[in-house]
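# Structural overview for review
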Amino acid sequence: MHGLFRYPAKYLPQIARALLEVSARPGDLVLDPFMGSATTLVEAADLDIRSVGLDLNPLAVLVARAKAARVSPAALIEAGSQAIVRARSGGDPALPEFRNRDYWFPKTSLVPLTRLRQALVSESDSDLRVVLLTVFLSNVKACSNASTYHYKLTRSRVPDPVTGPGVFELFEKRVRKAAARFHSDGGSASFFPGRRASAQAVFGDARALPFSDGTFDAVVTHPPYSISFDFVRSFKLYLWWLDAEGDTVALDRAMVGNQRRLVGKPPLSGLPNIDDRVVEIFGKSARDGLAVAHFFADMDRCFTECRRVLKPGGKLAFYVGDSQARWVLLSAPGNLAALAERAGFKLLARVPREVPSKASSSIRQIHVEEALVFDRTG
Ligand SMILES: C[S@@+](CC[C@H](N)C(=O)[O-])C[C@H]1O[C@@H](n2cnc3c(N)ncnc32)[C@H](O)[C@@H]1O
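Keep in mind that this is a model prediction, so the values were computed, not measured.

It is worth spelling out the nonpolar core at this point. Core analysis: the biggest nonpolar cluster contains 113 residues, and Leu-41, Val-63, Leu-116, Val-131, Leu-132 and Val-292 have the highest contact counts within it. Each of domain 1 (18–55 + 200–227 + 259–376) and domain 2 (70–185) contributes no fewer than three residues to this core. Once residues lying within four places of it in the same chain are set aside, the contact partners of Val-292 are Ser-226, Ile-227, Arg-277, Val-278, Ile-281, Ala-325 and Leu-330.

Each domain of the chain was delimited in the assignment, giving domain 1 (18–55 + 200–227 + 259–376) and domain 2 (70–185). For domain 1 versus domain 2, the separation of C-alpha centres amounts to 33 Å.

Moving on to the environment of Val-368. Relative to the assigned elements, Val-368 resides in strand β11 (residues 368–376). For the pair Val-368 and Gly-214, spaced 154 residues apart in sequence, the C-alpha separation works out to 33 Å. Apart from residues no more than four positions distant in its own chain, Val-368 is found in contact with Asp-322, Pro-352, Glu-354 and Val-355.

A few words on the packing of helix α3 (residues 58–68) against helix α7 (residues 126–140). Close contact between α3 and α7 brings their axes to 8 Å; oriented N to C, the two are set at 125°. Classed by the angle they form, the pair α3 and α7 counts as oblique. As α3 runs across α7, the sense of the crossing is left-handed. Counted together, Leu-62, Val-63, Arg-65 and Ala-66 of α3 and Val-130, Val-131, Leu-133 and Thr-134 of α7 form the full contact between these two elements.

Now for helix α9 (residues 231–241). Within α9, burial applies to Phe-231, Val-232, Phe-235, Tyr-238, Leu-239 and Trp-240. Phi for Asp-243, located one or two positions after α9, is positive at around 60°.

Cut-offs and rules
- Residues numbered from 1 in each chain as written.
- Predicted model: local features only at pLDDT ≥ 70, side-chain atom pairs only at ≥ 80, totals over all residues.
- Core = buried A, V, L, I, M, F, W, Y, C linked by C-beta atoms within 7 Å.
- Buried ≥ 20, exposed ≤ 12 C-beta atoms within 10 Å, placed from the backbone.
- Domains from an automatic or database assignment.
- Contact = placed C-beta atoms within 7 Å.
- Helix = DSSP H or I, 4+ residues; strand = E, 2+ residues; numbered from the N terminus.
- Axes fitted to C-alpha atoms, helices over the stretch in contact; angles between N-to-C directions.
- Parallel < 35°, antiparallel > 145°, perpendicular 65-115°, else oblique.
- Left-handed = near helix turned anticlockwise from the far one by under 90°.

What follows is the structure, given as structure tokens:
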């Protein structure tokens, strides 16, 4: 079920599971404020832990809702086939309008994709609809001129998109593959095998959590890394098909760890270990210095919010890598720990993990990642 969508910067399910096991018990309610493709939620459900995930990226929310959907494999295959029948018989559709549309999609794939999408949004069962739309989006890159090899949005040197009826055939194949991920359970089925703990995915900003004080037993998360992955640019191809193109500007501003940041002076944290690095990086590149400073300032707000929504004695557990900017190591695990302690947490454990060199090349210069666990003080 983790493989339903190739979401970048996922963490290993085993890491999510280990963090959950040390910070929560069956029946508890856990929050992941940087949910991504819901790795934490899927593992929590399997451990009988209730969970809520939050993300600013509409794609993440869709993928997570698909993983939390309750649908039977047979119903999914049937709904997919019906959608193809409707799409095949559709007339000339009004093509979606987005920037550089014809650069990214040949007309021969644009038309069947548009028809298929129209057929899917008219699916009346909301659980089936989110799963089918997720499968549809997982095919979009293969039907475009973009390279399917890279997470980043780049044009393929030799574009060879799936076109015409091939778009429907690919969709049908992937629906069957998605259906096979379901675990049958007495007639109904779910991506969450066996256990029935609820998982809910919501759209929102980790820096201003839409939850009341003292709601959660634990926060388990995998925050973005500073200057490592440009989520918004990489997701444009999908956001267009989600009708969320207008969101990309707002997303660009609100994404923690984003490179394309504001102007002005970098906000300082008051912690010399962070501020000295910010000043050094800012001296080499104002853009990168601002990005790093805003990353720490945003995480500072996030920790304050996490403490607010945690019950007294609740746990905070997160996993983060140590990225670099302009050859300056950010010491992110240690510096984030210092921010968390200032926000009202007590450090219980730090566990480093060496990233295999093959994996680290894809997330730029990250050689060590760490799991950190804290108690909420007071
Ligand atoms: C490292 S990824 C998490 C991946 C996730 N652990 C998984 O396995 O799929 C970080 C996530 O934080 C999200 N994000 C960035 N800024 C955010 C913000 N201000 N509020 C909520 N989510 C945000 C990104 O969209 C991205 O999905």
